[in-house]
Amino acid sequence: MDNKFILVSQILGISVDMVKSVYNRHLTKINTKEKSQLIHNEKDVDSSWIKEKIDDENYKIIDVGGNGDCFFHVLRHSFRNSYSVKQLREIVSSNITEYIYNTWSVLYKDSLKDLEESNKTLLRTKNEDRKQKIKEDISSTKSIINDYRFMKNVKSLQDLRNVIKTSEYWADEVSINILRDVLDVEFIIFDYSNLNIRKNIDKNKSYYILVNYTGGHYQLVTHKDKFLFEYNTLPKSLKSYLLN
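Along each chain, residue indices are assigned from 1 in the same order as the chain's sequence is written. Only residues with pLDDT of 70 or above have their local features reported here, since the model is predicted, and side-chain atom pairs are shown and tallied only from 80 upward, although totals for entire chains, interfaces and linings are computed over all residues. Side-chain numbers here rest on the full set of heavy atoms in the structure, without hydrogens or water.

(A) Structural context of the nonpolar core. Core analysis: the biggest nonpolar cluster contains 48 residues, and Trp 104, Leu 179, Leu 183, Phe 187 and Ile 209 have the highest contact counts within it. The contact definition used throughout considers only heavy atoms, calling two residues in contact when any of these lie within 4.5 Å. Setting aside residues up to four positions removed in sequence, Leu 179 forms contacts with Phe 71, Phe 72, Leu 75, Leu 88, Ile 91, Val 92, Asp 184, Val 185 and Phe 187. Nonpolar cores are built from buried Ala, Val, Leu, Ile, Met, Phe, Trp, Tyr and Cys residues. Side-chain atoms within 4.5 Å join them into one set. Note on exposure labels: buried denotes an accessible area under 20% of the residue type's maximum, exposed denotes more than 50%, and partly exposed covers the range between, all computed with a 1.4 Å probe on protein chains only. The next biggest cluster of nonpolar side chains, apart from the first, holds 17 residues, and it includes Ile 50, Tyr 208, Val 221 and Leu 242.

This is how it looks when you write it as structure tokens:
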């Protein structure tokens, strides 16, 4: 754990002792007034699917922010503003590797080429069944291009790191894994797009955050108004579901 404290302190430019104090503060109990202030003006979302899935009426979904920053807002809110969206993006940015840059660059450029070729093939094709298949391929390729649209003007690793610091880049599996490792936190994903809860979690993390994912947007999930957990304080209903 000390190595993680050192890494976070280097990224954020603050002392190791300050990082430790922030971590310790997250697990202290907060009173009802503080809870009310934290959740004030945030938008409650229909959470009936979770209540039915786990058979527990105490879950709520709260929309804590968007505009390309939704996942980072979930973290910011969970850690009670100890980390800003800017700081969280800096953590991700500084941990992006040359390998990730090369992978995303090739994927984006190849998808653009594939789209161009598919459009040309579509114009030449007469068979309606074949046309339909090409149109489906084009739709899939456009989806990939949209997911990696932040790579449009990226020419180097440093360009990518700079873009990640902006809302042009939306959190994905790469950034989520970086934040999971650096902050020693596990995200339990309530996947509304599939009406499923991802069960593959690390039981040895310091913190656990419940996250609702709609397919393009992340929201905070609370249980009895609590939104940051240790493994032994996770709701019994959720633990039971995860272990089955």
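(B) Highlighting a negative patch on the surface. Side chains of Asp 46, Glu 52, Asp 55 and Glu 57 sit close together on the surface and give a patch of like negative charge. Here Glu 52 shows up in helix H4 (residues 48-54). According to the relative accessible area criterion, Glu 52 is exposed, its value standing at 65%. Without a salt bridge and with relative accessible area above 30%, a residue can belong to a patch; like charges are then joined within 9 Å and nonpolar side chains (Val, Leu, Ile, Met, Phe, Trp, Tyr) within 5 Å. Here the open area of atoms and residues is found with the Shrake-Rupley method and a 1.4 Å probe, where only the protein chains shown may cover a residue. Salt bridge, as used here, is a side-chain nitrogen of Lys or Arg placed within 4 Å of a carboxyl oxygen of Asp or Glu. Charged residues are defined here as Lys and Arg on the positive side and Asp and Glu on the negative side; His and the ends of the chain fall outside this count. A single reference atom marks each charge: NZ on Lys, CZ on Arg, CG on Asp, CD on Glu. In DSSP terms, a helix is any run of H or I states spanning at least four residues, a strand is any run of E spanning at least two, and both are numbered starting from the N terminus.

(C) View of the pattern of salt bridges. With the rule as written, the count across this model stands at 10 salt bridges. For Glu 116, the salt bridge identified is with Lys 120, shortest N-O distance 3.6 Å. With Glu 116 and Lys 120 both in helix H7 (residues 98-124) and four residues apart, the pair spans about one turn of that helix. Residue class for Glu 116 comes out partly exposed when judged on its relative accessible area of 45%. Arg 180 serves as the salt-bridge partner of Glu 186, at 2.7 Å between the closest nitrogen and oxygen. Each of Glu 173, Asp 191 and Arg 198 takes part in salt bridges that share partners, so that together they form one network.

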